[in-house]
Protein chains: 2
Amino acid sequence: MTYAKTAFFTQEQQQLARVAKALAHPARVAIVQLLASKTTCISGDIAAELPLSRTTVAQHLQELKALDLIRGEIDGLTVCYCLNTELLRRVHQQFTAFFIEATTSATCGPDSACAC
Amino acid sequence: MTYAKTAFFTQEQQQLARVAKALAHPARVAIVQLLASKTTCISGDIAAELPLSRTTVAQHLQELKALDLIRGEIDGLTVCYCLNTELLRRVHQQFTAFFIEATTSATCGPDSACAC
DNA sequence: AAACTATGTCGTAAACATACGACACAATAA
DNA sequence: TTATTGTGTCGTATGTTTACGACATAGTTT
C-alpha cells in the first residue's frame, strides 16, 4: 500500500483504507473493545488480557496511536490509554457512507446482463 | 495475522478484522465503489479504470471474492462482477455495532484517573 | 544510591502483501 | 483451423507486518 500509486486514489479512499488497515488485526479490534469496556482509562498492561507478548501489544498500540484512534497519557510510572471517541464517531460516519453507497447500488437481476 | 494465536480471539473479532483487511487497500475500496456506481454488472476490465496492471487488479478482485464480498459470473469471453449487497449489509451492521460500542464508552474526564 | 517496576525502543526472523511480466486457456472471429 | 481477445494463474522481486527477546529509560520504593 505504501508503494501503491497512491496519488491516484482519492483522499477519502485512502483514509478509509488506512482506518480499515488499523482494524485489520483481531488484536487491534480486541484492544479497542477492551478500552471501550472500561469506564476509566486503562493502565498500560493491556498485554495481560491478550495472548501476545508485551512487545507485540505495544506495537499494535503504536499503530492505533499513529492514527490517533487511541491516546496515551503518562501518569507517573504507568500509562493510561483511552479511545478518541470523537475521531471514532467520524470514522463510523465514513464507513457508513461507504457501506450505504455499496448496499444501495442496483443489484444484478433478470433485467441485467448477467445473473449474479 | 495468520499466525496469530488466533483461537484466542472471538469469531466476531476475527470476522471484523478479516473484512477490515479486505478494505485495507485503496484499490479495493475503489473497486467496491466502482461496482456500486454501475447499474449493471461490470465487465472484468476493471483494471482500465485503475492505475494498476491487470494482474494486480485480478489479485485484488480475488481477495474480495475470497470473502464473498463480490461475485463474478462468466459470460462467454467476458466476466461480470457485482457486489454481494446482502453480505455488505450484514458487514455494515457488524461495523456499526463495533463503532457504537467504541463511541459510547465513557470517556476520560475530570472524574477519571487521567486527563486524556 | 540501589533495586525494582512499568514502559518504550531496537533488532531481527518469518510470514504476508503488493505489483507485474510471462504464460496458459477458453471463447469467439476470420 | 488459425488468429485474436478477455481472463486467469504462476513465478518472483520487493516492501510490509507480525511477533518477540533483549536492552534502555524513567519513575518509585527502600
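You'll find the structure just up there.
By convention here, each chain's residues receive numbers from 1 onward along its written sequence. To label them, take the chains in the order written and letter them from A, then take the ligands in the order written and number them from 1. Where totals are concerned, whole chains, interfaces and linings use all residues; where local detail is concerned, this predicted model gives features only for residues with pLDDT of at least 70, and gives and counts side-chain atom pairs only at 80 or more.

Enquirer: I'm lost on the overall build of chain A in this one. Help?
Expert: The numbering of helices and of strands both runs from the N terminus, where a helix is a DSSP run of H or I of at least 4 residues and a strand a run of E of at least 2. When its secondary structure is counted, chain A shows four helices and three strands. Overall, chain A shows an N-to-C arrangement of helices and strands of α-α-β-α-β-β-α. The 116 residues of chain A split such that 36% are buried. Think of it this way: build a C-beta for each residue from its backbone, and any pair within 7 Å is a contact. For chain A, contacts bridging at least 24 residues in sequence account for 48% of all contacts bridging at least 6. Residues are called buried when their C-beta atom has 20 or more other C-beta atoms within 10 Å, exposed when it has 12 or fewer, and partly exposed otherwise; all C-beta atoms are positioned from the backbone.

Enquirer: Sorry, what's going on with unusual backbone geometry here?
Expert: Glycine aside, negative phi is the norm for most residues, and most peptide bonds take the trans geometry. Residues and elements named next belong to chain A. Positive phi outside glycine occurs at D68, with the angle close to 70 degrees. By the element assignment, D68 lies in the loop between α3 (54–66) and β2 (70–75). Look at D68 and you get exposed, because 11 C-beta atoms sit within 10 Å.

Enquirer: Looking at this structure, I do not really get the sheet that holds β2 of chain A. What am I missing?
Expert: Remark on secondary structure: sheet strands pair via backbone hydrogen bonds, oriented parallel or antiparallel. Residue and element names in this part refer to chain A. With antiparallel pairing, the three strands of this open sheet are ordered in space as β1-β3-β2. Two strands in the sheet have a free side with no partner beyond their single neighbour: β1 (42–43) and β2. Where β2 meets strand β3 (residues 78–83), six bridges bridge the pair, whose relative direction is antiparallel. Bridge pairing in β3 places I74 opposite V79. Pairing between strands is defined by DSSP: at least two bridges between them are needed.

Enquirer: It is not clear to me how the sheet that holds strand β2 (residues 70–75) of chain B should be interpreted in this structure. Could you clarify?
Expert: All names here are of chain B. With respect to topology, three strands assemble into an open sheet ordered β1-β3-β2, the strand pairing being antiparallel. Since the sheet does not close on itself, it has two edges, and those belong to β1 (42–43) and β2, each with one partner. Both β1 and strand β3 (residues 78–83) contribute to a ladder of two bridges, which runs antiparallel. Looking across to β3, one finds that I42 is bridged to Y81.

Enquirer: Could you clarify how one ought to interpret helix α2 (residues 26–37) of chain B in this entry?
Expert: The periodicity of an α-helix, 3.6 residues per turn, causes residues three or four places apart in sequence to face the same way. All names here are of chain B. The span you would expect from a helix comes to 1.5 Å times its residue count less one. Across its twelve residues, α2 extends 16 Å between first and last C-alpha, which sits within 8% of the 16 Å expected from 1.5 Å per residue. Counting buried positions over the twelve residues of α2 gives nine, a clear majority of the element. Where α2 is concerned, the buried positions are P26, A27, R28, V29, A30, I31, V32, L35 and A36.

Enquirer: How should I be thinking about the packing of helix α2 (residues 26–37) of chain A against helix α1 (residues 11–22) of chain B in this particular structure?
Expert: A pair of packed helices is characterised by two quantities: the angle between their axes and the separation of those axes. As a packed pair, α2 of chain A and α1 of chain B sit with axes 8 Å apart at the nearest point and diverge in direction by 120 degrees. Judged by the angle between their axes, α2 of chain A and α1 of chain B are oblique. Along this stretch, α2 of chain A crosses α1 of chain B, giving a crossing that reads as right-handed. Across the interface between the two elements, P26, V29 and A30 of chain A from α2 of chain A touch Q13, Q14, L16 and A17 of chain B from α1 of chain B. Gly falls in the polar group here, along with every residue not listed as nonpolar (Ala, Val, Leu, Ile, Met, Phe, Trp, Tyr, Cys, Pro) or charged (Asp, Glu, Lys, Arg). The residue makeup of the contact of α2 of chain A with α1 of chain B, split by class, is five nonpolar, two polar and no charged. What counts as an axis is a line fitted to C-alpha atoms, over the stretch in contact for a helix, and the angles between N-to-C directions run from 0 to 180 degrees. Reported orientations rely on four angle classes, namely roughly parallel under 35 degrees, roughly antiparallel over 145, roughly perpendicular from 65 to 115, and oblique for the rest. By convention the crossing between two helices is left-handed if the near helix lies anticlockwise of the far one by an angle smaller than a right angle, and right-handed if it lies clockwise.

Enquirer: So what exactly am I meant to see when it comes to the packing of α2 of chain B against helix α3 (residues 54–66) of chain B here?
Expert: All names here are of chain B. α3 packs onto α2 with a crossing angle of 70 degrees between their chain directions and a minimal axis gap of 10 Å. In terms of orientation, α2 and α3 fall into the roughly perpendicular class. Contact with α2, carried on its side by A27, R28 and I31, involves H60, L61, E63 and L64 of α3 and no other residues of that element. Residues of the contact of α2 with α3, tallied by class, amount to four nonpolar, one polar and two charged.

Enquirer: Got a minute to help me understand the environment of R54 of chain B in this structure?
Expert: Tracing the sequence through the fold places R54 of chain B in helix α3. A C-alpha to C-alpha distance of 9.5 Å links R54 of chain B and G44 of chain B, two positions ten residues apart in sequence.

Enquirer: Which parts of the structure should I look at to understand the environment of T39 of chain B?
Expert: Residue and element names in this part refer to chain B. If you trace the backbone, T39 turns up in the loop between α2 and β1. The class of T39 is exposed, set by 11 C-beta atoms lying within 10 Å. Here the alpha-carbon distance between T39 and C82, two residues 43 residues apart in the chain, equals 9.7 Å.

The quantities given are spatial measurements derived from coordinates; they are silent on function.
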